Amino acid sequence: MSDESNDAAGDPGAAAAAHDDGDGHSHGDDGGETAGAPDAEPALDADRDGDAAVQLSVPGMDCPSCAEKVERSVRTLDDVDAVDPAVATGTLTVTFADGGADRDTVAERVEAAGYDVEDADAGTVTLSVPEMDCASCAGKVEHALGDVDGVTGYETRPTSGTAVVTFDPDAATLDDVVDAVEAAGYDVVSTSMDGGGDAAADRGSVWRSDRAVKTAVAGVFTVGGFALASPFGGFGGPSVTLAGREVLVGDLLYLAATATAGADVFRNGYYSLRQRSLDIDLLMTIAIVGAVVSSVVFAEALYFEAATLAVLFSVSELLERYSMDRARNSLRELMDLSPDEATVVRDGEELTVPADEVGVGEVVAVRPGDRVPRDGVVRDGTSAVNQAPVTGESVPVDKTVGDEVFAGTINEGGYLEVEVTSEAGEDTISRVIDLVESAEAERTEREQFVDRFSSYYTPVVVAFAVLVAVVPPLAVGASWETHVVYGLTLLVLACPCAFVISTPVTVVSGVTSAARNGVLVKGGRYLEAMGDVDAVAFDKTGTLTAGELSVTDVVPLGDSTAEDVLRCARGVELRSEHPIGDAIVEHADDVGVADPDVEAFEGLTGKGVTASLDGTTHYAGKPGLFTELGFDLSHVHAATDGGVVTQTSRALCERNNCLDLLSDTVPKLQSEGKTVVLVGTEDRLEGLVAVADTVRPEATRTVAALRENGLHTVMLTGDNDRTARAVGDEVGVDEVRAELLPEDKVAAVEDLLDEHGDVAMVGDGINDAPALATASVGVAMGAAGTDTALETADVALLADDLSKLPYLYDLAHAANGVIRQNVWSSLAAKAALAVSVPFGLVPIWAAVLVGDAGMTVGVTGNAMRLARISPAEPEPDADLAAAEPRAEDAAAEPDAAAAAGAEAAEADAEPPEPADA
């Protein structure tokens, strides 16, 4: 979208300037995006007239309705001059007259509205805690952090193995935070202040870890014990006397297996007990110790069950870690995109330095095969750059001097020198990684349901386990051994680990998969919402169209050639600053027409422009301008081919080469959404040039794919109805709503929400912000390298590629299906096993391997399937054909644009402005 269009979007004055740039150049003012949006409120000035301003960070204020509640609450204070809630940044600025209230008073009013105020002076640290890899682990860490005075907030992300903690430096230190996490039983391997930092460190191969070794040794002990004292064989085997009591050697091996494999279990259970967390570690500790104690107290041979529990649970933990590492690797692959070192050019010499030490403004050398270390602008060289790691584009993009490049992209061919434009950690790939990591904190509705359900599930099953273990032996004299085993089995099933992790692991898998394909989803709830949409609304300019004007048709008249028309049009438009003039000049330069001598340029307000070319006065402008010059536009002569009238021209009129511009040619072009500019002198009409904002090559294919999925598609635009319908018909949307102000777009989205259900709005992320915020999901186009779009959109297409939209819907729809499968299958498996235990149908090993390890591995593996979904490959031939200009060179087909008639137009009919205002 051009700057003129952007300016016009928010300010009527800018809209006027976009049509009349002071030079009177107004080619087509009937079709522009409707101006007249309400003026924005003046920016707050904290220093004006002695007023005082208070600024607060309110992260939870993330929607217009939230902002409205906060503003209404704050305005109840005395002397409030202005309240400015900024939803995009989560900040609130309140200005008071005559000193006004203090920060604490404002904070109280914000909290009274139901929103927490984050301490502006708080420190934020990201802790890498690789062993925190499950919901119960995260619960213990959260409990420990909650007990630290000065900690004001925390987010645990077990899927990525990180915790983000906010604390007051005056009340707590970083050491206090780290000590609290380690007191919960989890090592902190690295820290990063200000909320930055990487995902959890790689903890190496799971199968070569200390726990894997202990589990293997314990497995050998268990097999040996089974061989010497089989619980099913009816023989005791060899025995030894210890403390005056005869003990089977096999039972001693079982105890050795229990101690070896259970060491980590007991350690984690101890920390769970300290944190008063009824999680799987504590439950398994109780179950294993209970089996051993029962063997001693009740003289029941449960040593085998204790050893089996310890070994199988350790195996299940290793499997769970392996599955979780697979999920983490998808995020780590994103992190590996940024190179550790960069070749910087200093004082004419090339030096290899850590990438983080390169400053903004420095020049780095990027050779073939190298990754670009940071965002920057090419200052020297030409090459094709593979942007797939960041934007998902499958074809390398040619880069030359002045072009922007992104960190993590790969130089495919030539040598480039790039001036760095971003600070370390603030480049595009770093922001994408940060947002993907934080996406885990955005809890979906299904995840919230799971959390609520699990808070009841565990206590209920534990109580059921106690009843099953104790009541039958006491009430009816049933076997203690049998029912204690039943109770221990139920304890194993009491922790809903697979159930709890089923949603977050799916969200992380889906979000990271999307990021690798150039689609940034800001959180699980947006992924969930995108999969449930029933309608998609598109902005026109910059979304369905390219957002840049280009020449589509050149129709020479009389004895002129297409080159003659372009030469004159370029000369007249050269000094104009209007976007239409820029498009004509750019096209003429691409064709390579000769440069005339230009003098005496003048803008003709509301009509066009004029200039002297090689001593002859030429005009370019609306049809009405040439009507005033005395031309009969209903009877003009088409160009001939070497003096011979073309067959097309002869078919149009009995006078062989006559064209009716007013009734045929101009209305036909205008019906296609084009702006028509006539070019000529006072005595001769040389030809016409049509300019339009061309439809994106992939737009038609994208809309068709969405409609095939059963989605209702709508185009919302401020453009005039004729232009809008021309574009809408071309791309194939179901509905077109035109001539909309920004508030009208919001109303249109609300209508779609009422009529169809969930709605996704696709726009440029800035001008369409109100409509994007109103929709169920706001999707921003072309957000790579754009801070505002990355921060404000729910979903961002990192490249200007609409074809990623059907992929996003397919991915989100599949993710919702996977979440449902994971949640209900894990719940059903747990329930079926728990109900079957009292009937003796579930051995303890099945409870561990199926109910715990099996379901955890199952839901994780199911979530990983999302990585297989990829965008559809583009159709080169179709896209190339769609991208070809529909312009006809008059030398071959001079009057092709007039091949069909149209309704008569008035002499001064104003052609459409193709850009949204």
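As the structure is a computational prediction, the values presented were derived from the model and not from experiment. (Residues numbered from 1 in each chain as written. Predicted model: local features only at pLDDT ≥ 70, side-chain atom pairs only at ≥ 80, totals over all residues. Heavy atoms only, no water.)

Engineer: Would you mind showing me how to read the overall build of the protein chain here?
Structural biologist: Helix and strand content of the protein chain: 30 helices and 33 strands. Every one of the 917 residues in the protein chain was classed for burial, and the buried ones make up 52%. Considering only intrachain contacts with a sequence separation of at least 6, the fraction spanning at least 24 residues in the protein chain is 71%. Of the roughly 37,300 Å² of accessible surface on the protein chain, 50% is carried by carbon and sulfur atoms. (Helix = DSSP H or I, 4+ residues; strand = E, 2+ residues; numbered from the N terminus. Buried < 20%, exposed > 50% of the residue type's maximum accessible area, 1.4 Å probe, protein only. Contact = heavy atoms within 4.5 Å. Areas by Shrake-Rupley, 256 points an atom, 1.4 Å probe, with all protein chains shown as cover.)

Engineer: Even after reading the chapter, I still don't get the packing of helix α16 (residues 524-531) against helix α28 (residues 804-836), so can you show me in this structure?
Structural biologist: Helix-helix packing: each pair is described by the crossing angle between the helix axes and the interaxial distance. As a packed pair, α16 and α28 sit with axes 7 Å apart at the nearest point and diverge in direction by 105°. On the basis of the axis angle, α16 is roughly perpendicular to α28. From α16, Leu527, Glu528, Met530 and Gly531 reach across to α28, where they touch Leu805, Leu808, Tyr809, Ala812, His813, Ala815 and Asn816. Grouping the amino acids of the contact of α16 with α28 by side-chain chemistry returns seven nonpolar, three polar and one charged. (Axes fitted to C-alpha atoms, helices over the stretch in contact; angles between N-to-C directions. Parallel < 35°, antiparallel > 145°, perpendicular 65-115°, else oblique. Nonpolar A, V, L, I, M, F, W, Y, C, P; charged D, E, K, R; others polar.)

Engineer: I'm lost on the packing of aromatic side chains in this one. Help?
Structural biologist: The geometry of two aromatic rings is summed up by the distance between their centres and the angle between their planes. As enumerated under the stated definition, the model contains two aromatic pairs in all. On the numbers, 5.6 Å between centres and 65° between planes, the contact of tyrosine 254 with phenylalanine 304 is edge-to-face. Here the residue tyrosine 254 occupies a position in helix α8 (residues 249-274), and phenylalanine 304 occupies one in helix α10 (residues 303-335), the gap between them amounting to 50 residues. Phenylalanine 304 matches tyrosine 254 in its accessibility class, with the two residues each being buried. Directly above the aromatic system of phenylalanine 406 lies the positively charged group of lysine 399, at a separation of 6.0 Å from the ring centroid. (Phe/Tyr/Trp six-rings, centres within 6.5 Å; stacked < 30°, edge-to-face > 60°. Lys NZ or Arg CZ within 6 Å of the ring centre and 35° of its normal.)

Engineer: How should I be thinking about helix α19 (residues 579-591) in this particular structure?
Structural biologist: One full turn of an α-helix is made of 3.6 residues, so residues set three or four places apart face in the same direction. In a regular helix each residue adds 1.5 Å, so 13 residues correspond to 18 Å; α19 covers 18 Å between its end C-alpha atoms and thus fits that length. Among the residues of α19, those classed as buried are Pro579, Ile580, Gly581, Ala583, Ile584, Val585 and Ala588. Positive phi shows up at glycine 592, right after α19, with a value of about 90°. (Expected span 1.5 Å × (residues − 1).)

Engineer: Hey, could you run me through the side chain of histidine 483 in this one?
Structural biologist: Among the structural elements, histidine 483 can be located in helix α14 (residues 480-493). The residues contacting histidine 483, other than those within four sequence positions of it, are Val468, Ala469, Pro472, Pro473 and Ala478.

Engineer: Would you mind showing me how to read the nonpolar core here?
Structural biologist: Generally speaking, soluble globular proteins have nonpolar side chains that are buried together. Residues Val521, Met530, Phe538, Leu544 and Leu805 are the most contacted members of the largest nonpolar core, which totals 48 residues. For this core, the element with the most residues is α28, which contributes 11 residues. Core analysis: the next-biggest nonpolar cluster, separate from the first, contains 44 residues, Leu283, Leu312, Leu493 and Val842 among them. (Core = buried A, V, L, I, M, F, W, Y, C linked by side-chain atoms within 4.5 Å.)

Engineer: What is the right way to look at the sheet that holds strand β24 (residues 616-621) in this model?
Structural biologist: Strands pair in a sheet through their backbones, by hydrogen bonds, and they do so in one of two ways: parallel or antiparallel. The six strands lie next to each other as β21-β28-β27-β24-β23-β22, forming an open sheet whose pairing is antiparallel. Among the strands making up the open sheet, the edge pair consists of β21 (545-556) and β22 (598-604). Across the sheet, the mean angle from the axis of one strand to that of its neighbour is 20°, orientation sign disregarded. Inspection of the sheet shows strand β23 (residues 608-613) paired to β24 by six bridges, in the antiparallel sense. (Pairing = 2+ DSSP bridges.)

Engineer: Would you explain the environment of threonine 222 in this entry?
Structural biologist: Positionally, threonine 222 belongs in helix α7 (residues 210-228). Overall, threonine 222 belongs to the buried group, its relative accessible area being 13%. Between the C-alpha atoms of threonine 222 and leucine 252, which are 30 residues apart in sequence, the distance is 9.8 Å.

Engineer: For this particular structure, what's the right way to read a negative patch on the surface?
Structural biologist: On the surface, Asp102, Asp104, Glu108, Glu111 and Asp116 cluster together to form a negatively charged patch. With relative accessibility at 62%, the residue aspartate 116 sits in the exposed group. (Patch = residues over 30% accessible without salt bridge, like charges linked within 9 Å, V, L, I, M, F, W, Y side chains within 5 Å. Salt bridge = Lys/Arg side-chain N within 4 Å of Asp/Glu carboxyl O. Lys, Arg positive; Asp, Glu negative; His and termini not counted. Charge placed at Lys NZ, Arg CZ, Asp CG, Glu CD.)

Engineer: Can you help me understand unusual backbone geometry in this one?
Structural biologist: Negative phi values dominate among residues other than glycine, just as trans dominates among peptide bonds. Positive phi values are uncommon outside glycine, yet aspartate 79 reaches one of about 65°. Structurally, aspartate 79 is set in the loop between α3 (64-74) and β2 (80-86). Using a relative accessible area of 47% as the deciding quantity, one classes aspartate 79 as partly exposed. The backbone of alanine 600 sits at a positive phi, close to 55°, despite the residue not being glycine. Topologically, alanine 600 is positioned in strand β22.

Engineer: How do you make sense of the packing of α7 against α8 when you look at a structure like this?
Structural biologist: One way to put it is that α7 packs onto α8 with a least axis distance of 7 Å and a crossing angle of 155°. With respect to each other, α7 and α8 are oriented roughly antiparallel. Relative to α8, the crossing made by α7 is left-handed. Taking contact as the criterion, the partners of Arg211, Lys214, Val217, Ala218, Phe221, Thr222, Gly224, Gly225, Phe226 and Leu228 in α7 are, on α8, Val249, Gly250, Leu253, Tyr254, Ala256, Ala257, Thr260, Ala261, Asp264, Val265 and Asn268. (Left-handed = near helix turned anticlockwise from the far one by under 90°.)

Engineer: I would appreciate a short explanation of the confidence of the model for the protein chain in the present structure.
Structural biologist: Predicted coordinates in regions of low pLDDT should not be interpreted in detail. Considering every residue of the protein chain, the mean pLDDT works out to 75; 75% of them sit at 70 or more. Ranking the elements of the protein chain by mean pLDDT puts helix α2 (residues 12-19) last, at 33, and strand β29 (residues 712-716) first, at 93. Note on residues 195-200: pLDDT is under 50 here. Beyond four places in sequence and across chains, it has 24 contacts. Throughout residues 640-652 the model reports pLDDT below 50, and contacts reaching past four residues in sequence, or to other chains, amount to 24 contacts. (pLDDT = per-residue confidence, 0-100.)

Engineer: Quick question: what am I supposed to make of the sheet that holds strand β12 (residues 363-366) here?
Structural biologist: An order of β11-β10-β12-β18-β13-β16 is seen for the six strands of this open sheet, with the pairing classed as antiparallel. A single partner strand is all that each edge strand has here, and the edge strands are β11 (349-354) and β16 (404-405). With two bridges connecting them, strand β13 (residues 376-380) and β16 associate as antiparallel partners. Bridged to glycine 376 within β16 is valine 405.

Engineer: Explain a nonpolar patch on the surface here, please?
Structural biologist: The grouping of Val466, Leu467, Val470, Val471 and Leu474 at the surface amounts to a nonpolar patch, some 430 Å² of accessible area in total. Here valine 466 is to be found in helix α13 (residues 445-476). Relative accessible area serves as the criterion here: at 47%, valine 466 is assigned to the partly exposed category.

Engineer: Looking at this model, I keep getting lost on the pairing of strand β20 (residues 535-539). Mind explaining?
Structural biologist: Here is the key point about a regular strand: its side chains alternate between the two faces of the sheet. Counted residue by residue, β20 has five buried out of five residues, so it is predominantly covered. What you see with β20 is no split at all: Ala535, Ala537 and Asp539 on one side and Val536 and Phe538 on the other are buried throughout. Pairing of β20 with strand β31 (residues 759-763), which is carried by four bridges, proceeds in the parallel orientation. Each residue of the ladder has a partner; that of alanine 537, found in β31, is methionine 761. As paired elements, β20 and β29 share five bridges and run parallel to each other.

Engineer: Hey, could you run me through the pattern of salt bridges in this one?
Structural biologist: Side chains that carry opposite charge are capable of pairing whenever their charged atoms lie near each other. For the coordinates displayed, the defined rule picks out 15 salt bridges. Close ionic contact of glutamate 419 with arginine 379 constitutes a salt bridge, the shortest N to O distance being 2.6 Å. Highlighted residues: glutamate 419 in strand β18 (residues 416-420) and arginine 379 in strand β13, separated in sequence by 40 residues. Judged by relative accessible area, glutamate 419 falls into the partly exposed class, the value being 23%.

Engineer: Explanation requested: the pairing of strand β28 (residues 685-695) in the structure shown.
Structural biologist: Of all 11 residues in β28, 10 are buried; the element is thus mostly enclosed. With eight bridges connecting them, β21 and β28 associate as antiparallel partners. If you follow aspartate 553 over to β28, its bridge partner there is alanine 690. Pairing of strand β27 (residues 675-680) with β28 involves six bridges; the strand directions are antiparallel.

Engineer: Explain the side chain of serine 836 here, please?
Structural biologist: Looking at where serine 836 falls in the secondary structure, it is placed in helix α28. Residues within four places of serine 836 in sequence aside, it is in contact with Leu841 and Val842.

Engineer: Is there a simple way to think about helix α6 (residues 174-183) in this case?
Structural biologist: Considered for burial, the residues of α6 that qualify are Val177, Val178, Ala180 and Val181. Viewed end-on, α6 has its buried residues packed into an arc of 160°, placing them on one side of the element. Just downstream of α6 lies glycine 185, where phi reads positive at about 105°. (Arc of directions from axis to C-beta.)

Engineer: What exactly am I supposed to notice about the environment of valine 850 here?
Structural biologist: With respect to the helices and strands, the residue valine 850 is situated in helix α29 (residues 844-864). Residues valine 850 and alanine 829 lie 21 residues apart in sequence; the distance between their C-alpha atoms is 8.2 Å. When sequence neighbours within four positions are dropped, the list of residues in contact with valine 850 reads Leu833 and Met855.

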